[in-house]
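Listed below, chain by chain, are the residues.
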Amino acid sequence: MAEKKNIRNIMLIGFMGAGKTFTGRELARIMGMRFIDMDEIIVKKAGMSINEIFSRYGEERFRDIETEVLKEISDKDGMVVGCGGGVIVKDRNLPLLKKAGIVIFLKASPEVIYERVKDDNSRPLLNVDDPIRRIKELLARRMDRYLNVAEITIDTDGKTPLEVAEEIKQVLEK
Ligand code: S3P
C-alpha cells in the first residue's frame, strides 16, 4: 500500500516582490514547518546566480531547471515553499504545483511590487529601462494563471509578512 502523505506542502506563488520569501519564512516559523526557496535551490543546483543563468543560457534553461526542482519538491511533504514568480508560466508546472501541495497566491498591486523590488537587481526580467511598465505587462499576462492554479488567494498590499502569514494560518485551520 502506498504510504500516506503527512502534512501537504504549502506552495506560495505570486509575482516577484509579492513577499513569498519573507511571508514563507514567517509562515514556516508559526506553523512549525521548514521553509525552502525554489530560487535558492536553483542557484545551488546551477552553481551560479539567476542573472548568470539567464545571461549565459537563457530563460528557457532557467525554466527547465525550475521544473526539475518543482518535480523534486512534489515528491516531498511538510514544507513551506517559496516558488519563483514565473513558476506558473509553463503549463507543465501547473499539475506539479497541485501535486506538491496546497497552492496559495500572494497577490500584490504593481505599485507595491515596484516599491519592494526597485533597489534589487537580482531579477533579470526586471532589469529594464521601465520596470513598472514591465511589471504591469507581466502581471497582466500571468494573472489568470496565478488565480486559476491557486486554491487560496491572499491580498498582501499594506500588510507585513507576519500579518499575511497569520492570515494564511487562520484560513488553513478553518
Ligand atoms: C522570476 C521570478 C524570480 C526568479 C526569476 C524569474 C519570474 O523569483 O525565479 O528571476 O519569472 O517572475 P522571485 O519571484 O522569487 O523573485
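Residues numbered from 1 in each chain as written. Predicted model: local features only at pLDDT ≥ 70, side-chain atom pairs only at ≥ 80, totals over all residues. Heavy atoms only, no water.

Caption draft 1: Structural view of the overall build of the protein. Assigned secondary structure in the protein consists of 8 helices and 5 strands. At 16 Å, the protein has a C-alpha radius of gyration in line with the 16 Å of a compact globule built from 174 residues. Counting only C-alpha atoms, the protein reaches 50 × 35 × 25 Å along its principal axes. The 174 residues of the protein split such that 44% are buried. Taking contacts inside the protein between residues at least 6 apart in sequence as the whole, the part at least 24 apart equals 75%. Element-wise, carbon and sulfur atoms account for 49% of the exposed surface of the protein, whose accessible area totals about 9300 Å². (Helix = DSSP H or I, 4+ residues; strand = E, 2+ residues; numbered from the N terminus. Rg over C-alpha atoms; globule rule 2.2 N^0.38 Å. Buried < 20%, exposed > 50% of the residue type's maximum accessible area, 1.4 Å probe, protein only. Contact = heavy atoms within 4.5 Å. Areas by Shrake-Rupley, 256 points an atom, 1.4 Å probe, with all protein chains shown as cover.)

Caption draft 2: How the structure looks around the site of the ligand. Around the ligand, the surrounding shell holds 13 residues, and the nearest of these are Lys20, Asp39, Arg63, Arg123 and Arg142. Between the ligand and glycine 85, the relevant distance is 2.9 Å, taken from an oxygen atom to a main-chain nitrogen or oxygen of the residue. Between the ligand and arginine 123, the relevant distance is 2.6 Å, taken from an oxygen atom to a side-chain nitrogen or oxygen of the residue. For the ligand, whose unbound accessible area comes to 390 Å², protein coverage reaches 95%. (Near = heavy atom within 4 Å. Polar contact = N/O pair within 3.5 Å; in protein donor to acceptor, adjacent residues only side chain to side chain.)

Caption draft 3: Layout of the sheet that holds strand S2 (residues 34-37). Taking strand neighbours across the sheet as the criterion, the 5 strands line up as S2-S3-S1-S4-S5 in an open arrangement whose pairing is parallel. Only two strands of the sheet have a single partner each, and these edge strands are S2 and strand S5 (152-155). Ignoring strand direction, the axes of neighbouring strands in this sheet form an average angle of 25 degrees. Of the pairings in the sheet, the one linking strand S1 (residues 9-13) to strand S3 (residues 79-82) comprises 3 bridges and is parallel in character. Bridge pairing links methionine 11 to valine 81 in S3. (Pairing = 2+ DSSP bridges. Axes fitted to C-alpha atoms, helices over the stretch in contact; angles between N-to-C directions.)

Caption draft 4: Structural context of the nonpolar core. Among the nonpolar cores identified, the biggest contains 38 residues, and Met11, Ile13 and Leu97 are the most heavily contacted of them. Top contributing element to this core by residue count: helix H7 (residues 131-149), with 6 residues. (Core = buried A, V, L, I, M, F, W, Y, C linked by side-chain atoms within 4.5 Å.)

Caption draft 5: Local environment of helix H1 (residues 20-31). Compared with an ideal rise of 1.5 Å per residue, which puts 12 residues at 16 Å, H1 spans 15 Å between its outermost C-alpha atoms and is within 8% of the ideal. Listed as buried for H1 are Lys20, Thr23, Gly24, Leu27 and Ala28. For H1, the angular spread of buried residues about the axis comes to 135 degrees, placing them on one side. Along H1, exposed side chains directed more than 90 degrees from the buried face belong to Phe22 and Arg29. Check the buried side of H1 and you find it contacts S1, S2, S3, strand S4 (101-107) and helix H8 (161-173). Just beyond H1, the residue with positive phi is glycine 32, at close to 65 degrees. (Expected span 1.5 Å × (residues − 1). Arc of directions from axis to C-beta.)

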